[in-house]
Amino acid sequence: MPANLTPLYLEAEKRYREAKTQEEKIAALEEMLAIIPKHKGTDRLQADIKRRLSKHKEESQKKKGAQIQRSIFHIDKEGAAQVVIIGPPNTGKSSLVDKLTKASPEIADFPHTTHKPTPGMAQYENIQFQLVDTPPSPANTSTRPWPT
Ligand SMILES: Nc1nc2c(ncn2[C@@H]2O[C@H](COP(=O)(O)OP(=O)(O)O)[C@@H](O)[C@H]2O)c(=O)[nH]1
Ligand SMILES: [Mg+2]
């Protein structure tokens, strides 16, 4: 039996072939499945679409899982450069990010106030830099660069 695929279906199929991301592929396949003529002649094609759909959904889930795992310590670079401020506790890292960016990292007179990397954008002339405030390593002890 001929499949008699409609122009709308063929368009969705073209979108699937050209799709770059898993999300685009899933959207195109779902559309194909919704509009494919449902009869004996398309049984195999329908099964094939369903198989691809579950494969892409699985891939997309795997990717999301990986992103969530790295989310706290992974900061996507933004602007011209990513500058990570590192140093012992209580040495003014958060104060620097607070002064130079619109971010509001917590500043306190005791160590380990910052728990996770906090990004903020700093502008110099017409260039945007990303500054990342970081928590200190637990092994570090305070070595303030100014007299106390
Ligand atoms: N005297 C002085 N104190 C500072 C300076 N920068 C930060 N502080 C103070 O040092 C303490 C620790 O600062 P914070 O930015 O939280 O340090 P971080 O732990 O390295 O992020 C706070 O009480 C700040 O107000 C500075 O340049 N001079
Ligand atoms: Mg801090």
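Throughout what follows, the structure given in this document is the object of discussion. (Residues numbered from 1 in each chain as written. Chains lettered and ligands numbered in written order. Predicted model: local features only at pLDDT ≥ 70, side-chain atom pairs only at ≥ 80, totals over all residues.)

A word on the overall build of the protein chain
Rules: Helix and strand assignments come from DSSP, with helices taken as H or I runs of at least 4 residues and strands as E runs of at least 2, each series counted from the N terminus. Residues are called buried when their C-beta atom has 20 or more other C-beta atoms within 10 Å, exposed when it has 12 or fewer, and partly exposed otherwise; all C-beta atoms are positioned from the backbone. Remark: residues whose backbone-derived C-beta atoms lie within 7 Å of one another are considered to be in contact.
Looking only at helices and strands, one finds four helices and three strands in the protein chain. Starting at the N terminus and ending at the C terminus, the protein chain contains elements arranged as α-α-α-β-α-β-β. Within the protein chain, buried positions represent 16% of all 148 residues. Of the contacts made within the protein chain by residues no fewer than 6 positions apart, 52% connect residues no fewer than 24 positions apart.

Quick word on unusual backbone geometry
Of note in the backbone geometry, N90 takes a positive phi value of approximately 65 degrees without being a glycine. Looking at where N90 falls in the secondary structure, it is placed in the loop between strand 1 (81–85) and helix 4 (93–100). Phi at E125 takes a positive value of approximately 50 degrees, unusual for a residue other than glycine. For E125, the location among the structural elements is in the loop between strand 2 (118–124) and strand 3 (127–133).

Describing the site of ligand 1
Heads up, the condition is: Should the C-beta atom of a residue, placed from the backbone, lie within 6 Å of a molecule or strand, that residue is near it. Under the scheme applied, nonpolar residues are Ala, Val, Leu, Ile, Met, Phe, Trp, Tyr, Cys and Pro; charged residues are Asp, Glu, Lys and Arg; polar residues are all the others, including Gly.
Close contacts around ligand 1 come from 14 residues, with G92, K93, S94, S95 and D109 the closest. By residue class, the composition of the shell around ligand 1 is four nonpolar, eight polar and two charged.

A word on the nonpolar core
To keep it simple, the criterion reads: For our purposes the nonpolar core covers buried Ala, Val, Leu, Ile, Met, Phe, Trp, Tyr and Cys residues that link as a set through C-beta atoms within 7 Å.
Listed in full, the eight residues of the largest apolar core are Y9, A12, Y16, I26, A28, L29, M32 and I49. Contributions of two or more residues to this core are made by helix 1 (7–18) and helix 2 (22–35). If we ignore the near neighbours within four places in the chain, the residues touching M32 are Y9, A12, E13, Y16 and I49.

With respect to the environment of D109
Along the chain, D109 falls in the loop between helix 4 and strand 2. Expressed as a C-alpha distance, the spacing of D109 and G92, which sit 17 residues apart in the sequence, is 9.7 Å.

Regarding the pairing of strand 3
Each regular strand carries side chains that alternate between the two faces of the sheet. To keep things clear, this is the line we draw: Strands are treated as partners if at least two bridges between them are detected by DSSP.
Here strand 1 runs beside strand 3; their pairing, made up of five bridges, is parallel. Counted as the bridge partner of V84 is V132 from strand 3. Bridging between strand 2 and strand 3 involves seven bridges; their strand directions are antiparallel. In the sheet register, Q123 faces strand 3, and the bridge partner there is Q128. Following strand 2, the chain reverses through two residues before pairing antiparallel with strand 3; E125 in that reversal takes a positive phi of roughly 50 degrees.

Let's talk about the environment of E31
Relative to the elements of secondary structure, E31 occurs in helix 2. Considered as a pair, E31 and E13 are 18 residues apart in the sequence and their alpha carbons are 8.8 Å apart.

Overview of helix 1
Filter applied, for reference: Given a helix with a known number of residues, its expected span is that number minus one, times 1.5 Å. For this quantity, the arc is that covered by the directions from the helix axis to the C-beta atoms.
The end-to-end C-alpha distance of helix 1 is 17 Å, a good match for the 16 Å that 12 residues give at a rise of 1.5 Å each. Taken together, the buried positions of helix 1 are occupied by Y9, A12 and Y16. End-on, the buried residues of helix 1 take up no more than an arc of 60 degrees, which puts them together on one face. With respect to the buried face of helix 1, the exposed residues turned more than 90 degrees away are P7, L10, K14, R17 and E18. Buried-residue contacts for helix 1 involve helix 2.

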